[in-house]
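Listed here are the chains, written in short residue letters.
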Protein chains: 2
Amino acid sequence: MLKNFEAMAELVKANPVKKRIVLACAHDEHSLDAVYEAYQEGIVEPVLVGREAEIRKIMADNGFDFGGSEVIYDVDDDIECAKKAVSLIREGKGDFMMKGKMQTADLLKQVVNKETGLQVGKIMSHVGIFEIPGYHKLIMQSDGGMIPNPDLEQKAKIINNAVETLHNMGYEEPKVAVLCAAEKLNPKVPESVDAAALKEMNEKGEITGCIVEGPISYDIALYKEIADFKGFDSPVAGDADIVITPNMAAGNILGKSWSITAGGTMAGMIVGAKVPIVLTSRGATAEEKFYSIVFAAAGSSSN
Amino acid sequence: MLKNFEAMAELVKANPVKKRIVLACAHDEHSLDAVYEAYQEGIVEPVLVGREAEIRKIMADNGFDFGGSEVIYDVDDDIECAKKAVSLIREGKGDFMMKGKMQTADLLKQVVNKETGLQVGKIMSHVGIFEIPGYHKLIMQSDGGMIPNPDLEQKAKIINNAVETLHNMGYEEPKVAVLCAAEKLNPKVPESVDAAALKEMNEKGEITGCIVEGPISYDIALYKEIADFKGFDSPVAGDADIVITPNMAAGNILGKSWSITAGGTMAGMIVGAKVPIVLTSRGATAEEKFYSIVFAAAGSSSN
């Protein structure tokens, strides 16, 4: 278990092999800034795909000195940048990918291309990881960005992706809370039926490498004293590593409530393709961009 | 608009006519404590249904002195308490209802009874109202407790209930944000289609007395600077009075994130029946119980 983002950064730094980040459309000061910070911290080595002259100018203007370790592929067009970044990953020349100054859809279109893309038979889902006030460790949340209304099978795959990401970060058996509005199975509430089914799949060995609890309410999943008060006994209660929301809207709203209203810090990425993909939005803070890079470095598979 | 719970309490106190709270299964120290506090503050007059001897003992033991204004109906059995409380409301002898020491289901069963209950042709929905750090006023959220997966028609009724509650509290035209994961209409995401439809119903005069915006993301609905950064122009952006979540799970999780993780304060009740019904859980704090009574007093119709 990781207590906070600092512990996550230390984990990555302790790895003797630095992860290579492939930045698509790297002619972007904000993204390069985050990559440079991660480089300075010993987190990543940069593989930059984009307009080389612009990239070099941004580096010079801002003093981004990668000590000559940077690999730059001079590509002009956005779509071509995406294609090149994807092909570099396919060739094993990068450990994870990040979107620079381009549309998310343009990058994902290349990722999901059946012949030249990065799909490996899994679902692609968003995982966010958060440092939130009052919680004793990092908490992961999924899916808040990719699958609007997942069915049972998709939820199982969402759990697998989240669990695999934490395994890559050294967790042995993450605790997974399948959130519902209440902790009781109610046949009239489909998400509670799914939650109970996911717990059963875990008990039967169909979902492995983790402990799944559900249906479980938010307050019980995160707060041991509330679980005790309500008489809910489970190793996951008050100690969840991963919360799975019943749908994307719930995940998205919860993540934003944590990171904006509750004063938390977040990092996020897409998992389930050959490598993690960092897709921070224009509005993301520098901190969110940096920690998302750390998260992808920590959660990518060769760790 | 009400800045905080204190302003809400002041609003109720300024009303020359005190609201009568009907407490079902009033032989409960925690509930009586909250009712007594509200009585002392000039918020309510107590109508107590339950075991009179136990009620009198709790009052004496705790010094709950209602100055003789209390009306007590001596009823032993839980179900009979529920029936009596409901009939008192039907007879106009109370302005809202609160659950004491009994099962929620036992009370609601009497409320929804077609012949002797309190339904008035509306949907029954849960409304929560919150004071959250960093937001400039109270914010209402619905539905986080009654309707697992509302369809479009049910969502319109959920909005109507929430809006009517704020009208009772003196709001003229509350701003309603129909939350989705993103602010774009996506035909593949049903809740975004519903959100756009609700906005249109508002523009066409089918949902009245409010301004509806949707689909709109959480961060844009609550934070003006994010709305500005993302170029989202709407009177609701950064100034929502009501947020409508696409489903109950999202509402429930958001409410708990606000009240527990973000350090907010909440009050909640069921609306859509003849009168509001306060159903705070065993685990609710004294503060939540008190403010829920204030909320029901403020939001009930004769205000």
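Nothing here was measured: the structure is a model prediction, and the numbers come from that model. (Residues numbered from 1 in each chain as written. Chains lettered and ligands numbered in written order. Predicted model: local features only at pLDDT ≥ 70, side-chain atom pairs only at ≥ 80, totals over all residues. Heavy atoms only, no water.)

## Looking at the overall build of chain A
On a plain count of helices and strands, chain A comes out with eleven helices and eleven strands. Computed over its C-alpha atoms, the radius of gyration of chain A comes to 19 Å, within 12% of the 19 Å expected for a compact globule of 303 residues. The principal-axis extent of the C-alpha atoms belonging to chain A is close to 60 × 40 × 35 Å. Here chain A, with 303 residues, has 59% of them falling under the buried criterion. Counting contacts in chain A only where the partners sit at least 6 residues apart, residues at least 24 apart contribute 71% of the total. On chain A, roughly 12000 Å² of surface is accessible, and the fraction owed to carbon and sulfur atoms is 47%. Placing the 31 positive and 44 negative side-chain charges of chain A at their respective mean positions leaves the two points 3 Å apart. (Helix = DSSP H or I, 4+ residues; strand = E, 2+ residues; numbered from the N terminus. Rg over C-alpha atoms; globule rule 2.2 N^0.38 Å. Buried < 20%, exposed > 50% of the residue type's maximum accessible area, 1.4 Å probe, protein only. Contact = heavy atoms within 4.5 Å. Areas by Shrake-Rupley, 256 points an atom, 1.4 Å probe, with all protein chains shown as cover. Lys, Arg positive; Asp, Glu negative; His and termini not counted. Charge placed at Lys NZ, Arg CZ, Asp CG, Glu CD.)

## Let's talk about the relation of the copies chain B and chain A
Under the fitted operation, chain B is carried onto chain A by 0.0 Å of movement along the axis and a turn of 180°, and the coordinates agree to an RMSD of 0.0 Å. The relationship between the two copies is best expressed as a two-fold rotation axis. A shared interface surface links the copies, since 100% of the contact residues of chain B are contact residues in chain A too. (Least-squares fit on C-alpha atoms with pLDDT ≥ 70 in both.)

## A look at the pattern of salt bridges
Evaluation of the coordinates by the stated rule reveals 42 salt bridges over all chains. Here A:Lys83 and A:Glu80 are joined by a salt bridge, their closest N and O atoms 3.9 Å apart. In this pair, A:Lys83 and A:Glu80 are both assigned in helix 4 (residues 78-90), three residues apart and thus about one turn of the helix distant. Take A:Lys83: its relative accessible area is 39%, and that puts it in the partly exposed class. The partly exposed category is assigned to A:Glu80, whose relative accessible area is 39%. Where B:Arg20 meets B:Asp95, a salt bridge forms, and the shortest distance between an N and an O atom there is 3.2 Å. (Salt bridge = Lys/Arg side-chain N within 4 Å of Asp/Glu carboxyl O.)

## Digging into the packing of aromatic side chains
By the definition in use, this model includes 16 aromatic pairs over all chains. Their ring planes at 25° and their centres at 6.3 Å tell us that B:Tyr36 and B:Tyr39 sit as a pair that is stacked. Here B:Tyr39 and B:Tyr36 lie together in helix 2 (residues 29-40), a separation of three residues that amounts to about one turn. Among the residues examined, B:Tyr39 registers a relative accessible area of 19% and is labelled buried. An aromatic cluster of at least three residues, connected via ring pairs, comprises A:Tyr36, A:Tyr39, A:Phe64 and A:Phe66. (Phe/Tyr/Trp six-rings, centres within 6.5 Å; stacked < 30°, edge-to-face > 60°.)

## Notes on the interface of chain B and chain A
One widely used convention gives an interface's size as the accessible area the parts lose upon coming together. Residue-level contacts link 35 residues of chain B with 35 residues of chain A. Here chain B and chain A share an interface that buries about 2800 Å² over both sides, 67% of which is from carbon and sulfur atoms. Counting the surface chain B buries against chain A, the share from its top three residues, B:Ala181, B:Ile253 and B:Thr261, is 22%. If you look at where chain B meets chain A, you find two salt bridges. One salt bridge in this structure joins A:Asp219 and B:Lys256, with 3.4 Å as the shortest N-O distance. (Buried area = accessible area lost by both parts, 1.4 Å probe.)

## What to know about the pairing of strand 7 (residues 175-180) of chain B
Residue and element names in this part refer to chain B. The element strand 7 is largely enclosed, with a buried count of six among its six residues. The two faces of strand 7 match: Lys175, Ala177 and Leu179 on one face and Val176, Val178 and Cys180 on the other face are all buried. For strand 7 and strand 8 (residues 211-217), the ladder comprises five bridges, and the chain directions are parallel. Among the inter-strand pairings, Cys180 is bridged to a residue of strand 8, identified as Ser217. Once the chain exits strand 7 it traverses helix 7 (residues 190-203) before rejoining the sheet at strand 8, and the crossover so formed is right-handed. Note: strand 7 against strand 9 (residues 242-244), three bridges, orientation parallel. Residue pairing in the sheet places Ala177 in a bridge with Val243 of strand 9. (Pairing = 2+ DSSP bridges. Right-handed = clockwise from strand over helix to strand, strands pointing away.)

## Some details on the side chain of A:Ser217
When you line up the elements, A:Ser217 lands in strand 8 (residues 211-217). We classify A:Ser217 as buried; its relative accessible area is 0%. Those residues in contact with A:Ser217 that lie beyond four places of it in its chain are A:Leu179, A:Cys180, A:Ala181, A:Ala182, A:Glu183 and B:Lys256.

## As for helix 6 (residues 152-168) of chain B
Here helix 6 of chain B spans 24 Å end to end across 17 residues, near enough to the 24 Å set by a 1.5 Å rise per residue. Once helix 6 of chain B ends, the next one or two residues include B:Gly170, with phi positive near 95°. (Expected span 1.5 Å × (residues − 1).)

## Observations concerning the packing of helix 2 (residues 29-40) of chain A against helix 11 (residues 286-299) of chain A
Residues and elements named next belong to chain A. Close contact between helix 2 and helix 11 brings their axes to 9 Å; oriented N to C, the two are set at 55°. Judged by the inter-axis angle, helix 2 sits oblique to helix 11. Crossing of helix 2 against helix 11: the hand is right-handed. Contacts from His30, Ala34, Val35, Glu37 and Ala38 in helix 2 reach Lys289, Phe290 and Ile293 in helix 11. Residues that form the contact of helix 2 with helix 11 fall into these classes: five nonpolar, one polar and two charged. (Axes fitted to C-alpha atoms, helices over the stretch in contact; angles between N-to-C directions. Parallel < 35°, antiparallel > 145°, perpendicular 65-115°, else oblique. Left-handed = near helix turned anticlockwise from the far one by under 90°. Nonpolar A, V, L, I, M, F, W, Y, C, P; charged D, E, K, R; others polar.)

## Points about the confidence of the model for chain A
Overall, the predicted model of chain A reaches an average pLDDT of 96, with 99% of residues at or above 70. In the predicted assembly, ipTM is 0.94 and pTM is 0.95. (pLDDT = per-residue confidence, 0-100.)

## Digging into the environment of A:Pro46
All names here are of chain A. With respect to the helices and strands, Pro46 occurs in strand 2 (residues 44-50). Classification of Pro46 by relative accessible area gives buried; the value is 1%. Spatially, the C-alpha atoms of Pro46 and Arg20 are 5.9 Å apart, while their sequence positions differ by 26 residues. Setting aside anything within four residues of it in sequence, one finds Pro46 in contact with Ile21, Val35, Tyr39, Phe66, Ser69, Glu70 and Val71.

## What about helix 4 of chain A?
Residue and element names in this part refer to chain A. With 13 residues, helix 4 extends 19 Å from end C-alpha to end C-alpha; this agrees with the ideal 18 Å at 1.5 Å per step. Among the residues making up helix 4, those that are buried are Cys81, Ala82, Ala85, Val86, Leu88 and Ile89. Along the axis of helix 4, the buried residues cluster in a sector spanning 160°; they form a single face. In this structure, the buried side of helix 4 is in contact with strand 1 (19-24), strand 2, strand 3 (71-74), strand 4 (96-99) and helix 5 (104-111). Capping of helix 4 at its N-terminal end is provided by Asp77; its side-chain oxygen lies 3.0 Å from the backbone amide nitrogen of Ile79. Count one or two residues on from helix 4 and you reach Gly92, which has phi positive near 75°. (Arc of directions from axis to C-beta. Polar contact = N/O pair within 3.5 Å; in protein donor to acceptor, adjacent residues only side chain to side chain.)

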